[in-house]
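Inside the fold
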Amino acid sequence: MQQRFDRSAGILMPVSSLPSPYGIGSFGKSAYDFVDNLVKARQKFWQVLPLGPTSFGDSPYASFSAFAGNPYFIDLDMLVEEGLLERDYVNRFMWNMEEQYVDYGLIYNSRFKVLRAAFKNSSHENLEEYKTFLKENEYWLEGYCLYSACKNKFEGTSWTDWEREIKCRDEQSLQELNEELKDDIEFYQFIQYKFYEQWNQLKDYANEKDIKIIGDIPLYVAMDSADVWQHTELFQLDEELNPTKVAGVPPDVFSETGQRWGNPLYDWKKLEAEDFSWWRKRMEHSARLYDVIRIDHFIGMVKYYAIPAEDEDARNGAWEKGPGLKLIEVINESIGDKKIIAEDLGVQMPEVVKVLQKSGYPGMKVLEFAFDGNRKNDHLPYYWTQNTVAYGGTHDNDTLMGYFTGLQYWELGYVREYMECRNGSIEELVDKIFRTSYASVADLVIFQMQDVLKVGNIGRMNLPSSMGTNWRWRMLQRQFGPEEIEKLRYLCDIYGR
């Protein structure tokens, strides 16, 4: 059964990329201003990247938890307005070196000090709302906060390197830790309470303005996460709790050795035996967070690539069968009237196509993948169907300006012919890309904010298989201005979005 979207458009804009005085985007004033600008531009959707707390490498797709929120997104000005912080105290810290980029090192060294000050000044434990929050999130919150307190105690090391009794969750050891780390645990509970309080207020505001939020959830979780530590039995681990096989993708034209992501693989038989309860909780939680849920690496639900854990690359991996429609049924039962977008990019397999068709979920098409010269490339707009979500590019791609600027003249030939932009500038070609997408039959069209602003590859969000310069780009104050808003509004009007 199809979950069709109304004909509409949206913008992919990570929360981290919003302007703010504190080095990274947050749920503060700039987020509300962004919603207002989406309304003016006649957009209907705001797509965000995963909102979880990030670990080494800062990727939102490698989070410490599939349920918890990122403390960096808590708006400090709101805490000042609540009387939990003094503005002079907040302003003592250095938050960024360059306004256009997140400096995660600076934030890491400052943000938790400031949040601890807010925690000490708070009397949240007496609020009924706080008690309700603890009760409603009991399934994951207690374990995550203990995990976070332990990471603090063990100086940030992975749970796999903790003392054996703690690593293996010996009941007596956990009781002692809960007592020893009581203050730290309560601090992490406070952080999650403020995160969800501020996010829910922002989401309510967006929904009142008829803007729906598209959230993004990775298929896999990180090895160093509260999820794996709490539920080791649900993953393919050996007796020492080390992974036996890990996730990735096979060699292809882009990489001779494939990609070894390193995430532990689910033990699907055990998950099915317990009626996929962890996945049910995860999807119920996601349905409260978002209006639409994009499942990253949807292919892995049908067939997943399993790499021996001891291998350094992906060449010796093999495809194995996933739960497919069984898990999709569980997802549909868990999310109520919310919708799913299936990220079905990558290796094309008949089994995946069949399951996607039966699910009714819209798949994705990406214009940056379309112009390789193959006239039967299914990313070309004349192959799109209505039940499609079309993107110019994703967070893993060049920006449109960066992509077209990097092509040789002869490579640009087909794009220019297709777009009827034979002699125009790259900026004009990007405009044509927008117009072609908005004019297409695809129910929903989404572009990155960087492409709306015509930012070059200095705005690229992520270069897969690299570290150090990813997830950093930020929009400047007032950069999304009247000219960009009017262009989007005009396209929505002309093409009925």
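For the structure itself, consult the block above.
Throughout what follows, the structure given in this document is the object of discussion. Note that residues are indexed from 1 along each chain, following the sequence as it is written. In view of the model being predicted, local features appear only for residues whose pLDDT reaches at least 70, and side-chain atom pairs are presented and counted only at 80 or more, with totals across whole chains, interfaces and linings using the full set of residues. The side-chain quantities take in all heavy atoms of the structure and omit both hydrogens and water.

**Some details on the nonpolar core**
By nonpolar core is meant a set of buried Ala, Val, Leu, Ile, Met, Phe, Trp, Tyr and Cys residues that side-chain atoms within 4.5 Å join together. Under the scheme applied here, a residue whose accessible area is under 20% of the maximum for its type counts as buried, over 50% as exposed, and between as partly exposed, the area being computed with a 1.4 Å probe on protein chains only. Ranked by internal contacts, the top residues of the largest apolar core, which has 167 residues, are Phe34, Trp46, Trp279, Phe404, Met449 and Phe480. Put simply, DSSP H or I for four residues or longer makes a helix, DSSP E for two residues or longer makes a strand, and each gets a number counted from the N terminus. A total of 11 residues in this core trace back to one element, the largest contributor, which is helix H9 (residues 182-208). Any two residues having at least one pair of non-hydrogen atoms within 4.5 Å are treated as being in contact. In this structure, Phe34 is in contact with Ile11, Met13, Leu18, Trp46, Met449, Met475 and Phe480, ignoring residues within four places of it in sequence. Of all hydrophobic cores here, the second largest spans 5 residues; its members include Val246, Ile307, Ala309 and Ala314.

**Digging into the sheet that holds strand S4 (residues 245-249)**
Criterion used throughout: strands pair if DSSP finds at least two bridges between them. The 4 strands lie next to each other as S5-S4-S7-S8, forming an open sheet whose pairing is antiparallel. The open sheet has two edge strands, strand S5 (259-264) and strand S8 (318-321), and neither has a second partner. On average, each strand axis in the sheet is tilted by 50° relative to the strand beside it, whichever way the strands run. As paired elements, S4 and strand S7 (residues 303-308) share 3 bridges and run antiparallel to each other. Looking across to S7, one finds that Val246 is bridged to Ile307. Note on method: axes are straight lines fitted to C-alpha atoms, helices fitted across the in-contact stretch only, with angles between N-to-C directions ranging 0 to 180 degrees.

**Points about the packing of aromatic side chains**
For Phe, Tyr and Trp, where Trp contributes only its six-membered ring, two rings pair if their centres lie within 6.5 Å, and the inter-plane angle classes them as stacked under 30 degrees, edge-to-face over 60, or tilted in between. Within the structure shown, the criterion is met by 52 aromatic pairs. Seen from their ring centres, Phe195 and Tyr196 are 4.9 Å apart, and the 75° between their planes marks the pair as edge-to-face. With respect to burial, Phe195 and Tyr196 carry one shared label: buried. Counting as a charge over the ring demands two things of the Lys NZ or Arg CZ atom: a distance within 6 Å of the ring centre and an angle within 35 degrees of the ring normal. Geometry around Trp279 places Arg282 over its ring, the cationic atom sitting 5.0 Å from the centre. Directly above the ring of Tyr414 sits Arg375, whose terminal nitrogen or CZ lies 3.8 Å from the centroid.

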